[in-house]
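# Structural overview for review
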Amino acid sequence: MNTSRAAVITGAASEKGIGLAVARRFARDGWAIVVLDIDGAAAVAAAERICAEHGVPAVGLGVDVADEASVAAAERAVSAEVQAGRLPAVGAVVNNAGITSPVEFLDTTLDLWRRVLDVNATGTYLVTKAFLPPMLDQGWGRIVNMSSVSAQRGGGVFGKVPYSSAKAAVLGFTKSLARELGPTGVTVNAVTPGAVDTEIRVGSTPEQEALIASAIPVGRTATTDEVASAIAYLCSEESAYLTGVTLDINGGSHLH
Ligand code: NAD
C-alpha cells in the first residue's frame, strides 16, 4: 500500500477511459488521487466515486492540460490541499490526457495540428513541470507518459500524422527527462499501448475493429485495466531501476 503519496492522473474522468482505470487501480493500491480533466464536472464526480469506493482522499479539478495558466491553477489548488493536510504530497504523475486526429494528412489544418500537439505533448510538458518539484523534494517520484504504438509504427485509423507526431514527441520527452533526472529518485517512463477498448475509438466500424484485432498476435484489443496494471508497476517501489523505458502494451504487435 502506498498511503503516503498522491498520484496526479490527467484525462481520468472519462467513464470508459484508461485514465479512470488507472485512478481506480492506484486508489486500490492505496494512493490518494488527483483527477485532472478538461471536463471539470466529470473530474469532480470521478474523484467522489473513487473516494467513496476506495476510501482514499481524492480531488477532481477541471483543467486544460494544454493551457499553462490552467495547469498552474491546478497545481496551486493541489498544493493548498497538501498544505491543509487533506492530501499527501504528490509522488506520481500519469500524463494520460490525449486527443486523436483521425484525419487524412491533406485534410488536416494547422489548428488541428497545433491542438493535437498541445494536448498530447505540451500538456505532458506543462503538467510534469508543475508537479515535479515536490517529487524532487522527497527524492522519490514516478512519472509515466502516455504515448502510443502510433508513435512507433505510424498512426492507423484513429491516429494519423498529428497524433503520431505528438506521441513521438512524448517518447523523446520521456527519454531526455529520464536522463536528466537519473540521480534524483524520480523515474520517467512511457507506455505505448496498441488498441485499447475506450471511447476514443467510438465510431469505428465492426470491419475496422476486426482488422485491428487480426493484426494483434494476442488476437484482441487491451482492456483499460491491463494498461492500468502496467502503469501501476511503473509507479511502484519495485520499478526504481526502470527509467527512460518505453513499455509496449500491445498484445505482441511489435512482433509483426
Ligand atoms: P478517452 O477519450 O476516453 O480519455 C481521454 C481523456 O482526456 C478524457 O477524459 C478527456 O476529457 C481528457 N482530455 C482531453 N483533452 C484534455 C485536455 N486538454 N486537458 C485535460 N484533459 C483532457 O481516451 P483513452 O482511450 O482513455 O485515452 C487515454 C490516453 O491513452 C490518450 O493519451 C490516448 O492517446 C492514449 N492511447 C489510447 C489508445 C486507445 O486505443 N484507446 C491507444 C494508445 C494510446
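Residues numbered from 1 in each chain as written. Predicted model: local features only at pLDDT ≥ 70, side-chain atom pairs only at ≥ 80, totals over all residues. Heavy atoms only, no water.

With an unreviewed UniProt entry as reference, the protein is termed Oxidoreductase, source organism Barrientosiimonas endolithica. The Sequence similarities (unreviewed entry) comment attached to the protein in UniProt states, word for word, "Belongs to the short-chain dehydrogenases/reductases (SDR) family." (UniProt positions renumbered as here; feature names shortened; annotations may be inferred.)

For the rest of this paragraph, the subject is the pattern of salt bridges. Tallied over the entire structure, the rule returns 9 salt bridges. For the salt bridge of Arg25 with Asp29, the shortest nitrogen-to-oxygen distance reads 3.1 Å. (Salt bridge = Lys/Arg side-chain N within 4 Å of Asp/Glu carboxyl O.)

Moving on: the site of the ligand. Surveying the vicinity of the ligand reveals 28 residues, the closest of which are Ile18, Asp37, Asn96, Tyr163 and Thr198. The side chain of Lys167 places a nitrogen or oxygen atom 2.8 Å from an oxygen atom of the ligand. Starting from 820 Å² of accessible surface for the ligand in isolation, the protein chains cover 91%. Residues of the shell around the ligand, tallied by class, amount to 14 nonpolar, 9 polar and 5 charged. (Near = heavy atom within 4 Å. Polar contact = N/O pair within 3.5 Å; in protein donor to acceptor, adjacent residues only side chain to side chain. Areas by Shrake-Rupley, 256 points an atom, 1.4 Å probe, with all protein chains shown as cover. Nonpolar A, V, L, I, M, F, W, Y, C, P; charged D, E, K, R; others polar.)

Further remarks concern the pairing of strand β3 (residues 58-62). Alignment of strand β2 (residues 32-37) against β3, held across 5 bridges, turns out to be parallel. Paired with Val35 across the strands is Gly60, a residue of β3. For the handedness criterion, the β-α-β arrangement of β2, helix α2 (residues 40-54) and β3 is classed as right-handed. (Pairing = 2+ DSSP bridges. Helix = DSSP H or I, 4+ residues; strand = E, 2+ residues; numbered from the N terminus. Right-handed = clockwise from strand over helix to strand, strands pointing away.)

Next up on the list: empty space enclosed by the protein. Left-over empty space is what a probe sized like a water molecule reveals as it rolls over the atoms. The tally for this structure, following the rule as stated, stands at 1 cavity of 30 Å³ or more. Taken as a whole, the largest cavity encloses approximately 30 Å³ of empty space. In terms of lining residues, the largest cavity is bounded by Thr10, Val65, Asn95, Asn96, Ala97, Val119, Asn120, Gly123, Thr124 and Val127. Per-element tally for the lining of the largest cavity: the top contributor is helix α4 (residues 110-138), with 5 residues. By residue class, the composition of the lining of the largest cavity is 4 nonpolar, 6 polar and no charged. (1 Å grid on protein atoms, 1.4 Å probe; cavity = no way out; pocket = protein on both sides within 12 Å on 5 of 7 lines; lining within 4 Å. Points joined across faces, edges and corners; volume = space filled by probe spheres on them.)

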